[in-house]
Every structure is written in structure tokens, then in C-alpha cells.
Protein chains: 2
Amino acid sequence: MEETKDQGLKLQIVEAAREVLLSEGYRNLSLRKIARRAGVSATSIYLHFEGKDDLVHALIEEAIARLNHRLEQAAGTTKGSPINKIEALARAYADFALEHPREYQVIYLVSSDEMTRYPKEKFRKARKGYELVIDVLKQGIQEGVIQKTKPGTAAYTFWAQLHGVMSVVLSKRLDTRINQNEFIEEAISHIVSGYRQQGSLEMDDIKEQRI
Amino acid sequence: MEETKDQGLKLQIVEAAREVLLSEGYRNLSLRKIARRAGVSATSIYLHFEGKDDLVHALIEEAIARLNHRLEQAAGTTKGSPINKIEALARAYADFALEHPREYQVIYLVSSDEMTRYPKEKFRKARKGYELVIDVLKQGIQEGVIQKTKPGTAAYTFWAQLHGVMSVVLSKRLDTRINQNEFIEEAISHIVSGYRQQGSLEMDDIKEQRI
DNA sequence: ATTACTACTTAACACTGTTAACCAAAGGAT
DNA sequence: ATCCTTTGGTTAACAGTGTTAAGTAGTAAT
């Protein structure tokens, strides 16, 4: 019953929790199930977490970290115009959501379910992806290819729009007549296009990389 | 215990359900609580609904209807350029979400919680707002002020982006340094700007109507 | 008058998050 | 060597959940 006893049960528990989440979905994520998988009693969870919400917050934190890692990777490998970079970030985001839907959805769980507010200190730690976009935006503004707006606010709207798009994709609310990948690509194109400085056309971004 | 016995309990139950939802939030929406408020036994709900999910679907349907009503209203009263109309729709959407956050959030519940799939026939009935945008987009394309894209897909991305924006606002994930209304206004501006035909500037839309 | 149906109820099941009470092992102090 | 306290876990129990099965009044039909 001991697979990962690093610094105690805590990690083992959140690992078990993630396993249950991925295999059974958030709806069937129960403390007893997690405990069983971790080879421990259900109430033991309360020795390491304040309650279920707290444990879920740990899951969220983890998921955000993974997403951010993915984004940093994309930002690092992409060279060229800020427009290109921002598109790469958007695609990385979309890909993560598509490949790990349940992990992605747990990130935005805090809102729809009225969970205990996600502690803002954890929030701060998780702002890496946000800052990535800010940097790219600043550079783009400097180069004159991106509209002159507050990068802080604009970065937020950027992620928010993307989230909305992936949210309707994952909830399968898309009209069956609409192709999913085409939809995502067009959404990304629109979002990026919304930040582009009017009149500064570049001919390498209306194309489709993904079919 | 009989306040609205129109065609039986069904309406009375969903009404009670909406009351509980609005006053206590989705998380505390339980069948027994609903039943108590409706002055009826908990199991009676199963005479009119397949289960809790089905009842929630009715709530969703209702919420969508209200939102659509609001959108139709906005579309009707706004005259002028398609750009103006599309902005008006966006604002109406945002206002609804701000004024009725719990009702709004229930609409997008289907995804985050892994609920029984929202039946697609109900879905079709609820597409009024979607079609409103399609019409405006078509007209805008014709007038040459909106990018030439498939209106069907574009309409979806439009709503998706808006949803994302309101989703992060309602989940209070916004950075405290960022003003909420300013954020919404800028997001709308970006979204609309993403559909605008490059080079066709109109000088009445970067302004702030809301402070 | 008896049957059948309708609209509802009560009882019960298996499960949930959470709290209280308990317990065994491990040191430390005397 | 014995007592005390702490640490890290346990089992038992509570109130509440969605859901199913069985039962029961009231009404309509024959």
C-alpha cells in the first residue's frame, strides 16, 4: 500500500485524487474513493487537508502548473513575430484542453460549482501563463503590430476568450454541422485578430495549420 | 401550499427549484429542499422528471429562454451599423450574466460538472440568440464592415468568447488590480474588433459607454 | 361493487462530506 | 521501568444526498 511516501500521505492522496478524477470524472470524485485508492482511511484526508474543497484546490493547483508548463514550452520554442507567438500560445492552450479535458475542466471548476473561493495566494503562484502573454503583448505593441492597450487587462481577456472557446468545445455544445478543429482554428484566428493593430497585415496567419 | 397549480406540479417544482437555486446556489440545490419548498414529497419529483439532471435541464432551458429574451430585446431596440448591433448584443449578454449570475452559471453547468448530456432537441429550441448573431454577421459581411467568414461558425465563436469573459468575471478570478467593468468593456471591444474587416474603421466604437 | 388507474406518500438503500471519540506506537522525562 | 504527551492514524456515527420499491388514498370505468 505504499507507492509514493515522499513526505507523507499528502502527495499520495492528491495523486490518488487525480487518478480518480481522470478515470471517473469530477462528479464521481468522492473522499472515500480517493482514500480507498490511496490505501488509507477516508478521514485521514482531514489530517492533511481542511476538507474536500481544499483537496480539490490542490488538484487545481497541479493542473494549472501542468498547463503553464505546456505554455512555457510553447513560448520557448516559438520564434518570430509576436503574432506568431501569441498564436502558438493559444494553440498550446487548446491542445492541452483537448488532450486532458478533465484536468482542464477542474481548473475552472471553482466558478460553476460554488466552491470555497480558490485562495488568492495560490492564485498568484499560478500566473505564469498570464505573464507570458503580457510579455508577448508588450513586445508586439513596441513593434507596432498589436493594438496599444493595457497589456495586463488584455492578457486576461485573451485567456478568458480562449477559455470560453474550449469550454463550449469540451461541453460538446457545438453544433454538429460545425467541425471542431475548424471551429477552434477560426476562434483562435479571431481572437488574435482582435489584438492586431489595424492596417498592419502580415501574410502568415490566416492560414490553417490544422485541418 | 398551492401557489401556481397551472397544469400540475411540474411548473411548481421547477419554480421552487429556481427559487432554491437563486437563494442558495447550485451547490445546495437538493431534491428534498426543492420538494419542501414546493410543499410536496421528494420522490414526487420523479413523477414529473427522470431525475435530478432532468430537472436541472428544465432550469437550464428556462435560463436560456430568459437570456434569449434579453438578447432579442437588445437586438430589436438597437439600430445602426451591424457593428453597433453586435456590440449591443454583447453588452446585453454581459449584463444578464452580471445581474443573474446563478441563473447564468447554470446554463454552462452541463460541462464542468459531468452531467447527463443536455438533450440536443432542447438545444435546438434554445438557439435564438445564436441566430440573432448570424443575421447581424451576414448583414455586416454584405456591407463590407465584417470579415468574410462562415457566419455559422463565427456566431459560435462569438458566444464562446463572451462566455469565457463572463466566466472569469463571475468566478472572481480577476486580478484585483483590474477593474471589472473596464475589463468587460475592453473584452467586448476586442471580441468585436476580431470580426471587423481590416481597414474599415468607424469612429464610434472604441469609446466607453460604461464606466 | 369491484377493478384499474392516477397521483402521491413512506420506507429503505447505498452513498456523500464531516465530526467526535478512540487507539496504538513512539519518544521524553522522571 | 513507568508515566505523559504527542503523532498519525483508526472506527463509529451524523445528517444529508439521489434514487428505487412498495404502499395508499382518491377517483373513474365497467
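Attention in this report is confined to the structure presented alongside it. (Residues numbered from 1 in each chain as written. Chains lettered and ligands numbered in written order. Predicted model: local features only at pLDDT ≥ 70, side-chain atom pairs only at ≥ 80, totals over all residues. Heavy atoms only, no water.)

## Overview of the protein's contact with DNA strand D
In the vicinity of DNA strand D lie 16 residues, with Ser41(A), Ser44(A), Ser30(B), Arg32(B) and Tyr46(B) positioned nearest. Restricting attention to atoms of DNA strand D within 4 Å of the protein, one finds that 49% of them are sugar or phosphate atoms. Interatomic distance of 3.5 Å between a side-chain N/O atom of His48(A) and a phosphate oxygen of DNA strand D. For the surface near DNA strand D, the elements supplying multiple residues, two or more each, are α3 (45-48) of chain A together with α2 (31-38) of chain B. (Near = heavy atom within 4 Å. Polar contact = N/O pair within 3.5 Å; in protein donor to acceptor, adjacent residues only side chain to side chain. Helix = DSSP H or I, 4+ residues; strand = E, 2+ residues; numbered from the N terminus.)

## Brief notes about the protein's contact with DNA strand C
Taken together, 16 residues are adjacent to DNA strand C, and Arg32(A), Thr43(A), Tyr46(A), Ser41(B) and Ser44(B) come closest. Of everything in DNA strand C that lies within 4 Å of the protein, sugar and phosphate atoms constitute 49%. Between a base nitrogen of DNA strand C and a side-chain N or O atom of Arg32(A), the distance comes to 2.6 Å. Between DNA strand C and the protein, one listed contact pairs a phosphate oxygen with a backbone N or O atom of Lys52(A) at 2.8 Å. Where the surface near DNA strand C is concerned, the elements lending two or more residues are α2 (31-38) of chain A together with α3 (45-48) of chain B. Counted by class, the surface near DNA strand C contains six nonpolar, seven polar and three charged residues. (Nonpolar A, V, L, I, M, F, W, Y, C, P; charged D, E, K, R; others polar.)

## A word on the packing of helix α10 (residues 151-170) of chain A against helix α10 (residues 151-170) of chain B
For the pair α10(A) and α10(B), the least separation of the axes is 6 Å and the interaxial angle reads 115°. Taken together, the axes of α10(A) and α10(B) are roughly perpendicular relative to one another. As for the relative orientation of α10(A) and α10(B), their crossing is right-handed in sense. Residues Ala160(A), Gln161(A), His163(A), Gly164(A), Val165(A), Ser167(A) and Val168(A) of α10(A) lie in contact with α10(B), whose contacting residues are Ala160(B), Gln161(B), His163(B), Gly164(B), Val165(B), Ser167(B) and Val168(B). Tallied by class, residues from the contact of α10(A) with α10(B) come to six nonpolar, eight polar and no charged. (Axes fitted to C-alpha atoms, helices over the stretch in contact; angles between N-to-C directions. Parallel < 35°, antiparallel > 145°, perpendicular 65-115°, else oblique. Left-handed = near helix turned anticlockwise from the far one by under 90°. Contact = heavy atoms within 4.5 Å.)

## Observations regarding the interface of chain A and chain B
Chain A puts 56 residues into the contact, and the matching count from chain B is 56 residues. When the two sides are added together, the surface that chain A and chain B hide from each other amounts to roughly 4900 Å², 52% of it contributed by carbon and sulfur. In this structure, the connection of chain A to chain B is made through six salt bridges. Here Arg27(A) makes a salt bridge to Asp53(B), at a shortest N to O gap of 2.6 Å. Within the residue set of the side of chain A that touches chain B, elements represented by two or more residues are α4 (52-77), α6 (101-107), α7 (109-112), α10 and α11 (180-195) of chain A. Among the elements that make up the side of chain A that touches chain B, the one with the highest residue count is α10(A) (twelve residues). (Buried area = accessible area lost by both parts, 1.4 Å probe. Salt bridge = Lys/Arg side-chain N within 4 Å of Asp/Glu carboxyl O.)

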